[in-house]
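Survey of secondary and tertiary structure
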Amino acid sequence: MTMTGPQKKKKHHVGDTFYKRKYKTKHRARDIDEVDQDLKKENADRLLKQALDFDKPGEGQHYCIHCARYFLSDQVLQDHFRTKLHKKRIKELKLEPYTIEEAERAAGFGSYIAPKERVIVTQPINVEEYKEPEEVADICSLNIDLQ
Ligand SMILES: [Zn+2]
């Protein structure tokens, strides 16, 4: 079993420093292609229904799968879903990462492959209803704004 990302297993006492440290160490952004893998049903189920982990904000129970971030409570998570940052992420995820790369490369060589667009919706409140992204169709013209 391989773990990605920082997995600190240091023993610590729960106290004042505990809270400060978990904010500092958990802010590494997950790459969009990794998140893309997370959106697959079996991975999503694992992430959205994880066991209590006291090293994670909110004990790992309030996870935004699209942004790969943990939140302190369900309320904070719901608020996050309405932020620009989250909406931008959803937009980015609508195109398959590899397809974007390939499309750009192909465009550089004069032949253009239209990227595939997918339906990406914010994860449901009830995680049992989670569905993996579906491809919509080939799209001929699309403004890709990944700045
Ligand atoms: Zn998010």
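Rules used throughout
- Residues numbered from 1 in each chain as written.
- Predicted model: local features only at pLDDT ≥ 70, side-chain atom pairs only at ≥ 80, totals over all residues.
- Helix = DSSP H or I, 4+ residues; strand = E, 2+ residues; numbered from the N terminus.
- Buried ≥ 20, exposed ≤ 12 C-beta atoms within 10 Å, placed from the backbone.
- Contact = placed C-beta atoms within 7 Å.
- UniProt positions renumbered as here; feature names shortened; annotations may be inferred.
- pLDDT = per-residue confidence, 0-100.
- Core = buried A, V, L, I, M, F, W, Y, C linked by C-beta atoms within 7 Å.

A short note on the overall build of the protein
- Across its full length, the protein holds six helices and four strands.
- Secondary structure elements in the protein, listed N-terminal to C-terminal, are α-α-α-β-β-α-α-α-β-β.
- Here the protein holds 147 residues, and the buried ones make up 10% of them.
- Here the analysis covers contacts within the protein between residues at least 6 apart in sequence; of these, 39% occur between residues at least 24 apart.

Let's talk about the UniProt feature "domain: C2H2-type" (unreviewed entry) in the protein
- If you check UniProt for "domain: C2H2-type" (unreviewed entry), the listed places come out as residues 64–86 in our numbering.
- Here residues 64–86 is 48% helix and 13% strand, with 9 Å between the C-alpha atoms at its ends.

Topic: the environment of isoleucine 125
- Here isoleucine 125 shows up in the loop between β3 (116–119) and β4 (134–138).
- Look at isoleucine 125 and you get exposed, because 10 C-beta atoms sit within 10 Å.
- Once the C-alpha coordinates of isoleucine 125 and glutamine 78 are considered, the two residues, 47 residues apart in sequence, prove to be 8.5 Å apart.

A look at unusual backbone geometry
- One non-glycine residue with positive phi stands out, namely glutamate 59, at about 60°.
- For alanine 68, which is not a glycine, the phi torsion comes out positive at approximately 55°.
- Note on placement: alanine 68 falls in the loop between β1 (63–64) and β2 (69–70).

Overview of the confidence of the model for the protein
- Scored by pLDDT, the protein has a mean of 77; 61% of the residues are at 70 or more.
- Throughout residues 20–26 the model reports pLDDT below 50, and contacts reaching past four residues in sequence, or to other chains, amount to seven contacts.

Observations concerning the environment of arginine 30
- Within the secondary structure, arginine 30 is located in the loop between α1 (16–25) and α2 (32–38).
- Look at arginine 30 and you get partly exposed, because 16 C-beta atoms sit within 10 Å.
- A C-alpha to C-alpha distance of 9.5 Å links arginine 30 and histidine 66, two positions 36 residues apart in sequence.
- Contacts of arginine 30, omitting those with residues within four sequence positions, involve Val35 and Ala68.

Observations regarding the nonpolar core
- In terms of nonpolar packing, the biggest core is built from six residues, these being Tyr63, Cys64, Cys67, Tyr70, Phe71 and Leu77.
- Residue contacts for cysteine 67: discarding those within four places in its chain leaves Leu85, His86 and Arg89.

Comments concerning the environment of glutamate 129
- For glutamate 129, the location among the structural elements is in the loop between β3 and β4.
- Overall, glutamate 129 belongs to the exposed group, with 8 C-beta atoms counted inside 10 Å.
- For the pair glutamate 129 and aspartate 45, spaced 84 residues apart in sequence, the C-alpha separation works out to 10.0 Å.

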